[in-house]
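Listed below, chain by chain, are the residues.
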Amino acid sequence: MNIKAASSSTESEPISPHALPSFIGGGPHTAAAAVMWGEWVREAWNAAPDGILLVDSSGTIISSNAAMSLISGFAQNELEGQAVEMLVPESMHASHKVDVHRFFLQPRRHSMGMGRTLWLQRKDGAHVPVDIALGNFDRDGAPLVVAFVRDVTEMRRLEERMQYQATHDILTGLHNRWSFTQRLHESLQQTQVTGEPVALLLLDLDNFKSINDGYGHAAGDHVLQEVAKRLKSVIRNQGVLSRLGGDEFTVLVPDTDMEQAQSWAEQILFAMSTPCRWGHVLLDFGASIGVAISPTDSRDPSTLLRYADMAMYRAKEHGRGNFVFYEDSMGHEMAEKVLLSERLRLALGYEGIKLYYQPQIDIRTGQVCGAEALVRWKDPLLGEITPDRFIPVAESSGLIIGLGNYVLDAACKQISLWLQQGQPVRIAVNLSAQQLRQPNLVQLVRDALERYQVPPSWLELEVTETQAMQDPEHACRMLAELSGLGVSLALDDFGNGHSSLAYLQHLPVQRLKLGKDFMRTGRLGSKLLRAMIQFGHALNLQVVAEGVETEEQRSQLEAMGCECYQGWLASKAMTALEFETWRSQR
C-alpha cells in the first residue's frame, strides 16, 4: 500500500504500512508490539463496514480501506495518491474542490445523517447514494481529514418504499387521500398564479355494494383495481388520479375548462360502462361523476372537493351513470340541509316535533276507523317547515332513526291517552326504510307498547311499497315478526312503486293504501283505480284510498267497494286536541 502524507519537513516521505498504527494515533513503543498493533489496526481498518478515506489538505487520498473499494469499484491502490474528486460526479468537481478547501480552513466534525444524500461516482460510471461523516486531526503539523462513507442505496430504497406507501393506495396504486389533498392544494395555488382552470372529477361506483355483498370483498377489490386500470388508460399522464377510500376516486386535471372536463367525464363513463370479468362472472358496476372547476366554482381545496361531491350525488339522483357539473344552487341546498339538520337535532331534543292526526273514514258507515300520524315541525328560527323539506334531510343525516323512534313513542302515548278517555283510535305510523333495516325494530315497538300499556291492535305500522321491494325477503321476515306482536300492518303508496307480485302476496299486511295519484282524473283513471281495489280484495286486504277531496270521489270509491278513505274531504291533519273536538262534533 503506497500511502503519502504531509509532514513537517519540506519533502514527503512514504509511510510504511507498519507505520500506520503510530501514524493514526500513536502506538506501542517496542518494535514487536508495534508490528502486532499494526496488524490489528490494519485488520480493523479493512473490517470496517463503512468506506474510509484519509485525505490531505490538497484533496489527495492517502489511504482507503476495503469497504471503500467495494463501494467505489476502485482497488485501494487505484484510489491512493489520487484526487478525491475522482469519486465525485464530473459536474461537481469544481464545487467539490472549493468545499474541500473551505473545510480545511474551518474544519469541523460532521456526523452521519446530518446532511443531504450525496452521490459517489463508481469506477463503472454508476452513481451511488452515500452518506458521509467527517473528522479531522493534525499529524506533525499537517491537517488530515478522515471521511467515513456509507452506501445508503438500500436505505434510500426503503425510504422510497415507505414514502410510496404513505402517499399511495396499496390496492390500486393510485394516490391516496392525503397525497391527493397535497396535490390539490399545489394545483390550486398554481392556478392562482397562472389563471388556468383546474377540473376536479369525483367518481363513485354505482353498484359496488351489491358486488361486495353478492360476490365478496375479493371481487370488490378486483373491481377497484379494474377501475384504477381504466382510469389510467383514459387519463394517462395528463392528470392526478387518486382513490379517496371505498369506491370513491378523484381525477384532477390541470388546464381544463368545462368543455374539456365534459370530454374527460364522457370518456371515463364510457370506460366504466363495460363489465369486468371475475372468474366466470361478469361484474357490472358503472359510475356517477361530479365535476367542479377552479377558480370558477371555488379557489379553496376543501370547498372544491365538497362541491364535486354535491354534484356527484346529484348525478346519482338523475339515474346514475351520469356526470353533473356543480351549480351554485347545490351549495344553497347543501347549506339549507346543514341548517335543517342542526335545527332538527335540536328539535328532537326539546320535543319540538309535533304529531298531527288525519282521520281515516269507513266509507259505508262514515265512522272514524283510524288516523294516520303525520309529523309537523315549526322551528322558532325558521318557522313552519314542511315534511317534504325535512324528511329527506333526516334520511340523509341519519336523524330519521331518532325521528322515527320519537314518532313511535308519541303515537303510543297518544293511543294510551285516548284509551283512558274511552275514545280509542287506531293510529298508523310510517316506518322509514332505515327503520325497517334496524335489527332491533321489533324490540323498539314492543318496548313502546309496553311503556304505555297499549294493546298492539291499536297501533298500525305503514311501509311503502318501494321500501318493501328494496329487499323483499328481509321485509317479509321483519314484517312477520312485527305482525307476531299483534300490530296492524299496511302497505303505503301502493301502485307508486315497482312491485313483485310473487313477494307481495307473502307480505303479512292487512291493508293497502292507494296513493293520491289514483284520485286524479285521466283517460284510464277510473279503470286503473277499480283494478287496484280489486287487486287488494283478491289478496283479502282492506283498501284505504288517500287524497280524497270531493264527495264525487268518495261515492266512486264506495261504488268500487273501497273500505276506507283519507283526505281533506273528511279533514286535514289536526292536533290531538283538534282531533278530539272534531270527532265529538260528528
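Below: a short report on this structure. (Residues numbered from 1 in each chain as written. Predicted model: local features only at pLDDT ≥ 70, side-chain atom pairs only at ≥ 80, totals over all residues. Heavy atoms only, no water.)

Considering the packing of helix α14 (residues 399–420) against helix α16 (residues 441–451)
Stage number 1. It is at 9 Å that the axes of α14 and α16 come closest, and there the two elements cross at 30 degrees. Judged by the inter-axis angle, α14 sits roughly parallel to α16. You can see that α14 and α16 cross each other, and the crossing is right-handed. Of α16, the residues touching α14 (which contributes N405, L408, D409 and C412) are L444, V445, A448, L449 and R451.
Stage number 2. Of the residues belonging to the contact of α14 with α16, the class tally is six nonpolar, one polar and two charged. (Axes fitted to C-alpha atoms, helices over the stretch in contact; angles between N-to-C directions. Helix = DSSP H or I, 4+ residues; strand = E, 2+ residues; numbered from the N terminus. Parallel < 35°, antiparallel > 145°, perpendicular 65-115°, else oblique. Left-handed = near helix turned anticlockwise from the far one by under 90°. Contact = heavy atoms within 4.5 Å. Nonpolar A, V, L, I, M, F, W, Y, C, P; charged D, E, K, R; others polar.)

Things to note about the nonpolar core
The nonpolar side chains of a soluble globular protein tend to be buried, and buried together.
Stage number 1. Core analysis: the biggest nonpolar cluster contains 78 residues, and V445, L459, L461, L482 and L557 have the highest contact counts within it.
Stage number 2. Judged by nonpolar contacts, the second largest core, of 34 residues, contains V251, V253, I268 and I293. (Core = buried A, V, L, I, M, F, W, Y, C linked by side-chain atoms within 4.5 Å. Buried < 20%, exposed > 50% of the residue type's maximum accessible area, 1.4 Å probe, protein only.)

Some words on the sheet that holds strand β8 (residues 248–254)
Stage number 1. Judged by pairing direction, the sheet is mixed, and its five strands sit side by side in the order β7-β8-β6-β11-β12 without closing on themselves. Edge positions in the sheet fall to β7 (240–245) and β12 (323–325), since each of these pairs with one other strand and no more. Geometrically, the sheet is characterised by an average inter-axis angle of 20 degrees between neighbouring strands, direction not taken into account.
Stage number 2. In this structure, strand β6 (residues 198–205) lies alongside β8, joined through seven bridges in antiparallel fashion. By the bridge assignment for β8, D204 is matched with E248.
Stage number 3. Taken strand by strand, helix α7 (residues 177–194) contacts β6, β7, β8 and β11 (287–294), and its axis lies near 25 degrees from that of β8. (Pairing = 2+ DSSP bridges.)

Some thoughts on the packing of α16 against helix α18 (residues 472–485)
Stage number 1. One way to put it is that α16 packs onto α18 with a least axis distance of 10 Å and a crossing angle of 20 degrees. It follows from the interaxial angle that α16 and α18 lie roughly parallel. Classified by chirality, the crossing of α18 by α16 is right-handed. On α18, the residues that touch L441, V442, V445 and R446 of α16 are M478, E481, L482 and L485.

With respect to a nonpolar patch on the surface
Stage number 1. Residues L339, L381 and L382 make up a contiguous nonpolar surface patch of roughly 240 Å² in combined accessible area.
Stage number 2. Note that L381 resides in the loop between β14 (368–379) and β15 (383–385). (Patch = residues over 30% accessible without salt bridge, like charges linked within 9 Å, V, L, I, M, F, W, Y side chains within 5 Å. Areas by Shrake-Rupley, 256 points an atom, 1.4 Å probe, with all protein chains shown as cover. Salt bridge = Lys/Arg side-chain N within 4 Å of Asp/Glu carboxyl O.)

Some details on the packing of aromatic side chains
Stage number 1. Applying the stated criterion across every chain, the model contains seven aromatic pairs.
Stage number 2. Relative to W582, the ring of F579 has its centre 5.8 Å away and its plane inclined at 45 degrees; by these criteria the two rings are tilted. Of the two residues, F579 and W582 are both situated in helix α22 (residues 576–584); the distance of three residues between them amounts to about one turn of the helix.
Stage number 3. Here W582 falls in the buried class, since its relative accessible area comes to 15%.
Stage number 4. Taken together, the ring pairs in this structure connect Y357, W418, F579 and W582 into an aromatic cluster. (Phe/Tyr/Trp six-rings, centres within 6.5 Å; stacked < 30°, edge-to-face > 60°.)

Regarding the state of the cysteines
Stage number 1. By the definition in use, this model includes zero disulfides.
Stage number 2. Looking at C412, it has no disulfide partner, and the nearest cysteine sulfur is the one in C369, 19 Å off.
Stage number 3. Residue class for C412 comes out buried when judged on its relative accessible area of 0%.
Stage number 4. We note that C564 lacks a disulfide partner, and the nearest cysteine sulfur, in C369, lies 3.2 Å from it.
Stage number 5. Given the relative accessible area of 4%, C564 is considered buried. (Disulfide = S-S within 2.5 Å.)

Observations regarding the sheet that holds strand β4 (residues 127–139)
Stage number 1. Here we have five strands laid out as an open sheet, ordered β2-β1-β5-β4-β3, and antiparallel in their pairing. Looking along the sheet, the strands with just one partner apiece sit at the ends: β2 (61–64) and β3 (118–121). For this sheet, the mean inter-axis angle between neighbouring strands, taken without regard to orientation, is 40 degrees.
Stage number 2. Pairing of strand β1 (residues 51–56) with strand β5 (residues 142–151), which is carried by six bridges, proceeds in the antiparallel orientation. If you follow I52 over to β5, its bridge partner there is F148.
Stage number 3. Where helix α5 (residues 93–105) meets the sheet, it contacts β1, β4 and β5, and its direction lies at approximately 125 degrees from that of β5.

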